[in-house]
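# Inside the fold
Next come the chains, spelled out residue by residue.
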Amino acid sequence: IVWNYSASGGGWRSLSAWSPSQTWTITAAPAYYGNVTQTWPVYRAGTGNAPQRGLPARLWGLGYNSGTAAHDADVHLWYYVTGPGGYAAYVGSVATTGQVSGSSVWRNFDWTIPAGGALGTYTYYGSFWRWNGSSWIGIGPWSDGRTFGLESDQQTTAVPDKNLVPVPLPTNIPAPPPLKK
């Protein structure tokens, strides 16, 4: 219904009839749900140097538990990397066991860049998944992508990441490999 108020006309008056009724369903919040709200620039693990082929690169995600339960041992933050030459792979995960509802925690995973990987620009993403006993079930959206360069095999100091522009997620990412942890 639409109402109109007029001080000179004596107050409120209806301008339309009641609209048809609307129905909706209220559902409980999921016990397990989360999203990766931030990622961090990529450095070579343990050194702070630029990433290099054949060496571990540290991937970071700030995971927010927006479910109603603390994460159990079956909840993991998975990392997915895309790069030159069509490279696209889940590179690993980290358990988020014990992370309480409403909390944010930084989690990292050290991914060893393939020794034969192409030089160029790579992008990584993070997302929460839960093992259900036979497969991984996504329990949250993918993070924005974080790009990083694999420029050479020379040891150099990493340049701070100035690229804060979100990178679109590739389409049709399959579920992680069917292996528990």
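Refer to the structure above for everything that follows.
To keep things clear, this report deals only with the structure shown in the data block. (Residues numbered from 1 in each chain as written. Predicted model: local features only at pLDDT ≥ 70, side-chain atom pairs only at ≥ 80, totals over all residues. Heavy atoms only, no water.)

## Side note on the overall build of the chain
Secondary structure assignment for the chain yields 0 helices and 11 strands. Listed N to C, the secondary structure of the chain is β-β-β-β-β-β-β-β-β-β-β in terms of helices and strands. Expressed as a percentage of the 181 residues in the chain, the buried residues total 36%. Considering only contacts within the chain whose residues lie at least 6 apart along the sequence, 67% involve residues at least 24 apart. (Helix = DSSP H or I, 4+ residues; strand = E, 2+ residues; numbered from the N terminus. Buried < 20%, exposed > 50% of the residue type's maximum accessible area, 1.4 Å probe, protein only. Contact = heavy atoms within 4.5 Å.)

## Digging into the nonpolar core
Leu 59, Tyr 79, Val 81, Val 91, Trp 111 and Tyr 124 are the most contacted members of the largest nonpolar core, which totals 18 residues. Among the elements of the structure, β5 (56–65), β6 (75–82), β8 (104–112), β9 (120–131) and β11 (146–150) are those that each provide at least two residues to this core. For this core, the leading source of residues is β6, giving 4 residues. Beyond its immediate sequence surroundings of up to four residues, Trp 111 is in contact with Leu 55, Pro 56, Ala 57, Leu 59, Val 81, Tyr 87, Val 91, Tyr 122 and Phe 148. Counting 8 residues, the second-largest nonpolar core is a separate cluster that includes Trp 78, Tyr 90, Tyr 125 and Trp 136. (Core = buried A, V, L, I, M, F, W, Y, C linked by side-chain atoms within 4.5 Å.)

## Some points on the pattern of salt bridges
Tallied over the full model, the rule gives 2 salt bridges. Residue Asp 110 pairs with Arg 58 through a salt bridge whose shortest N-O separation is 2.7 Å. Taken together, the residues span a long stretch of sequence, with Asp 110 in strand β8 and Arg 58 in strand β5 at a distance of 52 residues. Under the relative-accessibility criterion, Asp 110 is labelled partly exposed at 31%. (Salt bridge = Lys/Arg side-chain N within 4 Å of Asp/Glu carboxyl O.)

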